[in-house]
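Coordinates in review
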Amino acid sequence: DQQVKQNSPSLSVQEGRISILNCDYTNSMFDYFLWYKKYPAEGPTFLISISSIKDKNEDGRFTVFLNKSAKHLSLHIVPSQPGDSAVYFCAASFIPRGSEKLVFGKGTKLTVNP
Amino acid sequence: NAGVTQTPKFRVLKTGQSMTLLCAQDMNHEYMYWYRQDPGMGLRLIHYSVGEGTTAKGEVPDGYNVSRLKKQNFLLGLESAAPSQTSVYFCASKNRGSDTQYFGPGTRLTVL
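A few points on the structure. (Residues numbered from 1 in each chain as written. Chains lettered and ligands numbered in written order. Predicted model: local features only at pLDDT ≥ 70, side-chain atom pairs only at ≥ 80, totals over all residues. Heavy atoms only, no water.)

So, the interface of chain B and chain A
- Chain B puts 21 residues into the contact, and the matching count from chain A is 20 residues.
- Surface buried jointly by chain B and chain A totals about 1600 Å² across both partners, of which 56% is contributed by carbon and sulfur atoms.
- Its largest share of buried area at the contact with chain A, chain B owes to B:Leu43, B:Asp99 and B:Phe103, together 35% of the area lost on that side.
- Counting across the chain B and chain A interface gives four residue pairs in polar contact (both at pLDDT 80 or more).
- Looking at the side of chain B that touches chain A, the elements that each hand over two or more residues are β4 (31–38), β5 (42–49) and β9 (87–94) of chain B.
- Residues of the side of chain B that touches chain A, tallied by class, amount to 11 nonpolar, eight polar and two charged. (Contact = heavy atoms within 4.5 Å. Buried area = accessible area lost by both parts, 1.4 Å probe. Polar contact = N/O pair within 3.5 Å; in protein donor to acceptor, adjacent residues only side chain to side chain. Helix = DSSP H or I, 4+ residues; strand = E, 2+ residues; numbered from the N terminus. Nonpolar A, V, L, I, M, F, W, Y, C, P; charged D, E, K, R; others polar.)

Dropping the structure here:
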């Protein structure tokens, strides 16, 4: 049973436009959410996170929104750049903070076209 | 700091052969993890460790064994490799109390 779902395997956007990557979760015990970015032949790298006590967290061109009632989060990239082309994984952590494991979604492959 | 390193980067095995993947981290992290990534499956946790001398099963532990004899190293063993274990393997580590895991560059394993 998938607890973290990324329903879009791929997304293609034009350079300069907004990219919106979506993630849904089923377990209300998730307390903290992270986005990882992965380039081919490299390991995933941490991108941005959000605590369940917030509904928005921003870091430069990247913003994550959390809607707890809908059990939904999204990553917005504005403006999108070709270097953003990668696979993006959504991950969730259980209460309490710093729990042992993360639960990952299956990833969304973003392609930003010049 | 090298962060998280993995050895080897690539390996081809024949069915039934054994091998050990080595993960090393120089960040003094307590927690270490082994994941596998397969097309369309995302990152699946194989085994993890919350400290030196301890290990625990993850989501897909069958066919693998692990050891954490030193805090900085986490070994993943395949005793009798099977084609279903063809995958990319990632090691990760994190601090206790943190949620952010730091990943190594991966090992691409092919079992023929």
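Some remarks on the sheet that holds strand β6 (residues 56–59) of chain A
Residue and element names in this part refer to chain A.
- An order of β1-β3-β8-β7-β6 is seen for the five strands of this open sheet, with the pairing classed as antiparallel. Two strands close off the open sheet at either side, each with one partner strand: β1 (4–5) and β6.
- Two strands pair when backbone bridges link them, and strand β3 (residues 19–25) and strand β8 (residues 72–77) are joined in this way by six bridges, in the antiparallel orientation. By the bridge assignment, Leu 21 is partnered in β8 with Leu 75. (Pairing = 2+ DSSP bridges.)

Points about the sheet that holds strand β8 (residues 73–78) of chain B
All names here are of chain B.
- Taken in spatial order, the four strands of this open sheet run β1-β3-β8-β7, and their pairing is antiparallel. The two strands at the open ends of the sheet, each matched to only one other strand, are β1 (4–7) and β7 (65–67). Neighbour-to-neighbour, the strand axes of the sheet open up by a mean angle of 20 degrees, direction not taken into account.
- Where β1 lies against strand β3 (residues 19–25), four bridges are found, and the strand directions are antiparallel. The residue bridging Thr 5 from the neighbouring strand is Ala 24, located in β3. (Axes fitted to C-alpha atoms, helices over the stretch in contact; angles between N-to-C directions.)

Section: the pattern of salt bridges
Residue and element names in this part refer to chain A.
- Per the stated rule, a full pass over the model turns up five salt bridges over all chains.
- Its salt-bridge partner being Arg 61, residue Asp 84 comes within 2.8 Å of it at the nearest N-O pair. Here Asp 84, found in the loop between β8 and β9 (86–94), pairs with Arg 61, found in the loop between β6 and β7 (62–67); they are 23 residues apart in sequence, far enough to count as distant.
- Among the residues examined, Asp 84 registers a relative accessible area of 2% and is labelled buried. (Salt bridge = Lys/Arg side-chain N within 4 Å of Asp/Glu carboxyl O. Buried < 20%, exposed > 50% of the residue type's maximum accessible area, 1.4 Å probe, protein only.)

Some details on the state of the cysteines
- Considering all chains together, one arrives at two disulfides over all chains under this definition.
- One disulfide in the model links A:Cys23 with A:Cys90; its S-S distance is 2.1 Å. Because the sign of the S-S torsion sets the handedness, a value of about -75 degrees for the bond joining A:Cys23 and A:Cys90 places this disulfide among the left-handed ones. Of this pair, A:Cys23 sits in strand β3 while A:Cys90 is found in strand β9, placing the two residues 67 residues apart along the sequence. The burial state of A:Cys23 is the same as that of A:Cys90; both residues are buried.
- Here B:Cys23 connects covalently by a disulfide to B:Cys91, the sulfurs 1.8 Å from one another. When the S-S torsion is -75 degrees, as for the bridge of B:Cys23 with B:Cys91, the disulfide is left-handed. Of this pair, B:Cys23 sits in strand β3 while B:Cys91 is found in strand β9, placing the two residues 68 residues apart along the sequence.
- Here B:Cys91 falls in the buried class, since its relative accessible area comes to 0%. (Disulfide = S-S within 2.5 Å.)

Notes on the pairing of β7(A)
Residues and elements named next belong to chain A.
- In this structure, β6 lies alongside β7, joined through four bridges in antiparallel fashion. Among the inter-strand pairings, Lys 56 is bridged to a residue of β7, identified as Phe 65.
- Direction of pairing for β7 relative to β8: antiparallel, over a ladder of six bridges. Residue Phe 62 lies in a different strand from β8, and its bridge partner there is Ile 77.
- The hairpin formed by β7 and β8 contains four residues between the paired strands, and Lys 71 there has a positive phi angle of roughly 55 degrees.

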